[in-house]
Amino acid sequence: QVQLVESGGGLVQAGGSLRLSCAASGRTINTFHMGWFRQAPGKERTFVAISWSGGTAVYADSVKGRFTISRDNAKNTVYLQMNSLKAEDTAVYYCAADQSSLPIASGRADYWGQGTQVTVSS
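Calculation rules
- Residues numbered from 1 in each chain as written.
- Predicted model: local features only at pLDDT ≥ 70, side-chain atom pairs only at ≥ 80, totals over all residues.
- Heavy atoms only, no water.
- Disulfide = S-S within 2.5 Å.
- Helix = DSSP H or I, 4+ residues; strand = E, 2+ residues; numbered from the N terminus.
- Core = buried A, V, L, I, M, F, W, Y, C linked by side-chain atoms within 4.5 Å.
- Buried < 20%, exposed > 50% of the residue type's maximum accessible area, 1.4 Å probe, protein only.
- Contact = heavy atoms within 4.5 Å.

Some thoughts on the state of the cysteines
Working step 1: In total, this model carries one disulfide according to the counting rule given.
Working step 2: At a sulfur-sulfur separation of 2.1 Å, the disulfide partner of Cys22 is Cys95. Judged by the torsion about the S-S bond (-80°), the Cys22/Cys95 disulfide is left-handed. Taken together, the positions of Cys22 in strand E3 (residues 18-25) and Cys95 in strand E9 (residues 91-98) put the pair 73 residues apart, joining distant regions of the chain.

Section: the nonpolar core
Working step 1: By size, the foremost hydrophobic cluster in this structure holds 29 residues, and its most contacted members are Leu4, Trp36, Leu80, Met82 and Tyr93.
Working step 2: Among the secondary structure elements, those contributing two or more residues to this core are E3, strand E4 (33-39), strand E5 (46-51), strand E7 (67-72), strand E8 (77-82), E9 and strand E11 (116-121).
Working step 3: With near-sequence residues (within four places) excluded, Leu4 lies in contact with Cys22, Ala23, Ala24, Met34, Cys95, Ala96, Ala97, Tyr111, Trp112, Gly113 and Gln114.
Working step 4: Formed by five residues, the second largest nonpolar core is a distinct cluster that contains Phe37, Ala96, Ile104 and Ala109.

Next comes the structure, spelled out in structure tokens:
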């Protein structure tokens, strides 16, 4: 079992930055693919970024060039640095983990955090 706890959300003005953290416990994350997803009010949860266990990353087109996912395996933590935030980035952000690539890539990871709210005011 893996427990994931997100933190770092909050209220920020458009153009600002936030860094989200996802602290994992129960298992070490070095063999897990780790991802960030988000769900805006009234919409489905969507993919934001995935850090593959092998070291590379992939991003949604809507955040490419603005967001950066990183991981610190020694701290068992994954981060999402969000810059140049826009009002449309407002959502609950969820951390996810899976040892298989297909489930997390399709938004059906084995493990999820409880989410952290990000609100961007325009």
